[in-house]
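Below, each chain spelled out in residue letters.
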Amino acid sequence: MNDRFLRACRREPVDCTPIWLMRQAGRYMAEYRALRERYAMLELIRSPELAVEVTLQPIKRFDLDAAIIFADILPPLIGMGIDLEFAKGEGPVIHNPIRSRADVEALRVPQAAEHVPFTLEAIRLARRELDGKVPLIGFAGAPFTLASYMIEGGSSRNYLLTKGLMYDDPATWHLLMDKLARLVGDYLLAQVRAGAQAVQLFDSWAGCLSPSDYQQYVLPYTCQALAALADEDVPVIQFSTGTAGIVLGAPQLLRQVPAGVIGVDWRVDLDVAWERLGYDVAIQGNLDPVVLFAGREVVERQAADVLTRARGRPGHIFNVGHGILPGTPVDTVAALIDFVHGWRG
Ligand code: CP3
C-alpha cells in the first residue's frame, strides 16, 4: 500500500513527496472526454460504476499518490431543493437561486444516505477497486463557496448578491450557513464511514472576503461543518484560493479550522505560508496550474521551487494551487509526477 499521502497529512516522514492533483479526473484526459460524449455530468456522478471508472482514470494513467472520488461540490445542493444544471459550455447553473428569508427557510437538510447514496456507493466501490493501491480522498464544498453558487445562481465575479445578503440580512445569512454547515458535516461524515481515507473541504472562493468578514460570516460555519469529524481519525484538508491576505495577515483564523492540512495557492510562496501557519500543520500546494502549459524546463524549475521551499520538512503534499485546467498536456502531468517523486532536495 502506498501510504505516503496519508503519512504526509500526519506530518510523518516519507520516502518522497506525495503528489495528487485537484481535478485530476477531468477534461484534460481523453478517456474522460470520451465518457462525457456518452453521458451528462450528473449522469456520471449518479452512476456509482461510472463515477468509479472516472475516479480510476488518472490512477491508471499516472503514478499519483491518492485518488479523489469523482463527484462535484454542487450536486448535494439538489437534496436541499436546489435546481442545478451543468449547462453545456456555461458551467453550473442554478435555476432557483436563493434570495430571500423564505427561500432559505424552505431549504431542506437531508441525510447524505438519502440524497447522495450514489456517491457513498461510489466510495465503497472505489475502495474495493483500488484495493489499497493508493488512498481515496472524499470532499465537499465549504458552506461559503456553496452559498455563493446558491445565491448568485452560478459562478460570480464580484459576489454582489452573496455579500448583499451577508451584510444586509445577517440573520438570514446565518440561517443559510447553519443549514449548509449541517449538510456538509453530515455528508463528510457519511463519506468517511463509506471508506474515504481523507477529506478535503473546498472553500474555493473564500478569497473574495476580507479577513474580518471571513472571521465573522464564514469561519464559524467551516468549523461547525468539520466538527462532525471530531471523533474520526481521518486527515482533513482545508483548501481555499486567493486567501494570501488571510494566510499572511491573519493565519490564526485558518488555524482555527479543525484541519491538519491547509491547501494554499501560488499567490503566496509556500515557505512563507508554512512559516506563518506554523510547522505543526501540514501544507498542500502550490504550483500554478497554468505552468503546466509551459515547456518541460519551466515546469521542472517551478516544481523545484515549490519543493525547495518545502525544504523536505515532513508534511508537504505537492499539488496544483487550484484545479488542473482543460487542455493541460497529459505528458507534462506525467513528467511533473516523476519529477516530484525523484526530488531529493
Ligand atoms: O478533483 C477531482 O478530480 C474530483 C472531481 C471534482 C469536480 N469538481 C469534477 C468536475 C471536484 C473535486 C470538483 C470541485 C469543484 N466543483 C469546485 C471546487 C474546486 C475548484 O475548482 O475551485 C467547484 C468550485 C466546483 C463547481 C464546478 N463544477 C464548476 C464551476 C464547474 C464548471 C467549470 C469547470 O471548472 O469545469 C464544474 C464542473 C465540473 N466538475 C467538471 C468536472 C470534471 C467539468 C464537467 C464537464 O464538463 O465534464
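Residues numbered from 1 in each chain as written. Predicted model: local features only at pLDDT ≥ 70, side-chain atom pairs only at ≥ 80, totals over all residues. Heavy atoms only, no water.

## Points about the pairing of strand 5 (residues 198-203)
In plain terms, the rule: Think of it in three bands: with a 1.4 Å probe and only protein chains considered, a residue is buried below 20% of the maximum accessible area for its type, exposed above 50%, and partly exposed in between. Runs of H or I in DSSP of at least four residues are treated as helices and runs of E of at least two as strands, each being numbered from the N terminus. Two strands qualify as a pair provided DSSP detects at least 2 bridges between them. Every crossover in which the path from the first strand over the helix to the second runs clockwise, viewed with the strands pointing away from the viewer, is termed right-handed.
Here strand 5 lies mainly inside the structure; six of its six residues are buried. Residues A198, Q200 and F202 line one face of strand 5 and the alternating positions V199, L201 and D203 line the opposite face, and both faces are buried. In the sheet, strand 4 (residues 136-141) pairs with strand 5 via five bridges, with the strands oriented parallel. Within strand 5, the position partnered with G141 by the bridge is F202. Relative to strand 6 (residues 236-240), strand 5 runs parallel, the two sharing five bridges. Within strand 6, the residue paired with L201 across the bridge is Q238. The parallel pair strand 5 and strand 6 is bridged by helix 11 (residues 211-227), and the resulting crossover is right-handed.

## Digging into the packing of helix 15 (residues 296-310) against helix 16 (residues 330-342)
The cut-off we apply is this: Lines fitted to C-alpha atoms define the axes here, with helix axes fitted over just the stretch in contact, and angles between the N-to-C directions of these axes take values from 0 to 180 degrees. Crossing handedness is read from the near helix: turned anticlockwise from the far helix by less than a right angle, it gives a left-handed crossing, and turned clockwise, a right-handed one. Here, two residues are considered to be in contact whenever any of their heavy atoms come within 4.5 Å of each other.
Where helix 15 meets helix 16, the axes come as close as 10 Å, and the angle between the chain directions of the two elements is 40 degrees. Judged by the sense of rotation from one axis to the other, the crossing of helix 15 with helix 16 is right-handed. Of the residues in helix 16, those touching helix 15 at R296, V299, E300, A303, A304 and L307 are D331, T332, A335, L336, F339 and V340.

## Here's the deal with the nonpolar core
Put simply, the rule reads: By convention a nonpolar core is built from buried Ala, Val, Leu, Ile, Met, Phe, Trp, Tyr and Cys residues, the set being connected through side-chain atoms within 4.5 Å.
F5, L77, Y214 and L336 are the most contacted members of the largest nonpolar core, which has 132 residues in total. For this core, the leading source of residues is helix 10 (residues 170-194), giving 13 residues. The contact partners of L336, leaving out residues within four places of it in the chain, are I19, L21, L287, L292, V299, A303 and F318.

## Concerning the site of the ligand
Condition: Neighbouring residues are identified by heavy atoms, a residue being near a molecule or strand if any of them is within 4 Å of it. In the analysis that follows, any N or O atom pair within 3.5 Å is treated as a polar contact, provided that within protein one partner can donate a hydrogen and the other can accept it, and provided that, for residues neighboring in sequence, both atoms belong to side chains. The Shrake-Rupley method, run with a 1.4 Å probe, gives the accessible areas here. Residue values count only the displayed protein chains as cover.
Around the ligand, a shell composed of 23 residues is seen, among which R27, Y32, R36, S204 and H322 lie nearest. A distance of 2.6 Å separates an oxygen atom of the ligand from a polar atom in the side chain of Y32. With respect to the ligand, the side chain of H322 contributes an N or O atom lying 2.6 Å from an oxygen atom. Contact with the protein chains removes 88% of the 870 Å² of surface that the ligand exposes when unbound. Of all elements in the fold, only helix 2 (30-38) and strand 3 (91-94) reach the threshold of two or more residues within the shell around the ligand.

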